[in-house]
Structure formats: structure tokens, C-alpha cells
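One letter stands for each residue in the lines below.
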Amino acid sequence: MPVRNAHERLLPAPPERVGELLDGLASDGDRLWPRDDWPAMRLDKPLGAGARGGHGPVRYTVEEYEPGRRVRFRFRSPRGFDGHHEFAVRPGPGGAVLSHLITMRLRGSAMLLWPLFFRPLHDALLEECLDRAERALTGTVRTPARRSPHVRFLRRLAAAAGAGAARRRRRP
């Protein structure tokens, strides 16, 4: 099953300033990824081709990196996510457009997990990511993202599952 999932925001800043946010991904000074409220994006080395990491249960490898312009991550997990996701910066009217795109084919259980679990969480995370970009560049967010009741439920469910798994790992 093919998936194309796109998010973008026109930001009133030059592409170079938006690109600086992109270049800080997974660093200690990351101002783009909403790591205070979501699993942090972590990489095994600085952002660049070949770096491996992920966030939460999602794992990937940096496949391509053009500083200030684009970074593409190839999925390694969850199983059945065959494709990539990428951030890109391009000039836009009065500023720059920051976009995120997932292009993948789903197979097996991922055909159910993506629409029921991953997509709603992904969409909420990405909108909050774009809010962070807007706030970093302007000091405010014109229309902040709001989590739906469904997303709040899925986050509680994921937190409970994670806590249960942590308890099982600690048992002798």
C-alpha cells in the first residue's frame, strides 16, 4: 500500500535561517524537533549521511544530507515501512517553506499500524515541529497545533505500553 504524507509551512524568514533549524536536528541545540513532548530524535553521530538513529519505535539512517536544504532518512523500522521521510527547505513567497514528506510502501501489519496508530501521532508531531520552527523564527505561532482526543488517547496508550515493557525488562 503506497503512502505519501506531506506537511509544510510558509515561514516569514529567509531560507538560510530556516535551514539553520534543519541543520540542528538531533543536536543538543535542536530548535526544530519537539523533544520536550515527544520522543527525542537521536542519531549515533552528527547529522550527515550514514548517521543512524530514530525516535520512539521508529528507526532510520540518514540517506542524504544537503546542509541548510534537505535531509532524507531511510526507514529501518517499524517492519513494513519501506521508504523514507525527509525535511526540506525551499524559497517561498515572503520567506521559506519548511516541508516534511513521507514516501513509503506499507506491507504486512504496517498496513494497519500506519493508519490506526502511527499516522495520527506522526501528523500531530509534525504540526508541533512546524510550530517550533515558526516560534524559533518569529517568537510566536499564529495558529498552534492542537492534539485531537484520538491523539491524546494514543499517547496515553503508548506511554502505558512503554511503562509495562520497562517493568518487564527490570524483572529478574
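Residues numbered from 1 in each chain as written. Predicted model: local features only at pLDDT ≥ 70, side-chain atom pairs only at ≥ 80, totals over all residues. Heavy atoms only, no water.

Novice: Looking at this model, I keep getting lost on the overall build of the protein. Mind explaining?
Specialist: Scanning the protein from N- to C-terminus turns up 3 helices and 7 strands. Helices and strands in the protein line up, N terminus first, as β-α-β-β-β-β-β-β-α-α. Here the C-alpha radius of gyration of the protein, 16 Å, is about what a compact globule of 172 residues would show, namely 16 Å. In terms of overall dimensions, the protein has C-alpha extents of about 55 × 35 × 35 Å along its principal axes. A burial count over the protein gives 45% of its 172 residues as buried. For the protein, the proportion of contacts with a sequence separation of at least 24, taken over those separated by at least 6, is 51%. When the accessible area of the protein is evaluated, it comes to approximately 9500 Å², of which 54% is carbon and sulfur surface. Taken together, the 32 basic and 19 acidic charged side chains of the protein have centroids lying 9 Å from each other. (Helix = DSSP H or I, 4+ residues; strand = E, 2+ residues; numbered from the N terminus. Rg over C-alpha atoms; globule rule 2.2 N^0.38 Å. Buried < 20%, exposed > 50% of the residue type's maximum accessible area, 1.4 Å probe, protein only. Contact = heavy atoms within 4.5 Å. Areas by Shrake-Rupley, 256 points an atom, 1.4 Å probe, with all protein chains shown as cover. Lys, Arg positive; Asp, Glu negative; His and termini not counted. Charge placed at Lys NZ, Arg CZ, Asp CG, Glu CD.)

Novice: Before we go on, may I ask you to explain the sheet that holds strand 6 (residues 81–92) in this structure?
Specialist: Sheets are built from strands that pair by backbone hydrogen bonding, the pairs being arranged parallel or antiparallel. Strand order in the open sheet formed by 7 strands is 1-7-6-5-4-3-2, with antiparallel pairing between adjacent strands. Looking at strand neighbours, the two that pair on one side only are strand 1 (2–11) and strand 2 (42–43), the edges of this open sheet. Inspection of the sheet shows strand 4 (residues 58–66) paired to strand 5 (residues 70–77) by 7 bridges, in the antiparallel sense. Looking across to strand 5, one finds that arginine 59 is bridged to serine 77. On the sheet, helix 1 (residues 15–23) packs against strand 1, strand 4, strand 5, strand 6 and strand 7 (95–106) and is oriented at approximately 150 degrees with respect to strand 6. Along the sheet face, helix 2 (residues 110–138) touches strand 1, strand 3 (52–55), strand 4, strand 6 and strand 7 and points at about 15 degrees away from the line of strand 1. (Pairing = 2+ DSSP bridges. Axes fitted to C-alpha atoms, helices over the stretch in contact; angles between N-to-C directions.)

Novice: Help me understand helix 2 in this model?
Specialist: Side chains that are three or four residues apart share a direction in an α-helix, a result of its 3.6 residues per turn. The largest bend in helix 2 amounts to roughly 50 degrees and is located at phenylalanine 118, with the proline proline 120 lying one to four residues further along. Two residues or fewer after helix 2 comes glycine 139, characterised by a positive phi angle close to 85 degrees. (Bend = angle between axes of the 7 residues up to and from the residue.)

Novice: Got a minute to help me understand the pairing of strand 5 in this structure?
Specialist: For a regular strand, side chains alternate in direction, first toward one face of the sheet and then toward the other. Counting buried residues in strand 5 gives 6 out of 8 residues, a clear majority hidden from the surface. Taking the residues between adjacent antiparallel strands as the criterion, strand 4 and strand 5 are bridged by 3 residues, where glycine 68 takes a positive phi near 75 degrees. In the sheet, strand 5 pairs with strand 6 via 5 bridges, with the strands oriented antiparallel. Paired with arginine 72 across the bridge in strand 6 is glutamate 86. Connecting strand 5 to the antiparallel partner strand 6 that follows it, the hairpin turn spans 3 residues, and glycine 80 within it adopts a positive phi of roughly 95 degrees.

Novice: Whenever I open this one, the environment of alanine 133 confuses me. Can you help?
Specialist: The topology assignment puts alanine 133 in helix 2. Apart from the residues within four sequence positions on either side, alanine 133 is in contact with Leu11, Leu21, Leu32 and Leu98.

Novice: When you look at the environment of threonine 61 in this model, what are you seeing that I'm missing?
Specialist: Structurally, threonine 61 is set in strand 4. Between the alpha carbons of threonine 61 and aspartate 44 there is a distance of 9.8 Å; along the sequence they are 17 residues apart.

Novice: Which parts of the structure should I look at to understand the pattern of salt bridges?
Specialist: By the definition in use, this model includes 14 salt bridges. Two residues, glutamate 8 and arginine 90, come together in a salt bridge whose shortest N-O distance is 3.0 Å. With glutamate 8 in strand 1 and arginine 90 in strand 6, the pair connects residues that are 82 residues apart, well separated along the chain. Connected via shared salt-bridge partners are Glu64, Glu66, Arg69, Arg70, Arg72 and Glu86. (Salt bridge = Lys/Arg side-chain N within 4 Å of Asp/Glu carboxyl O.)

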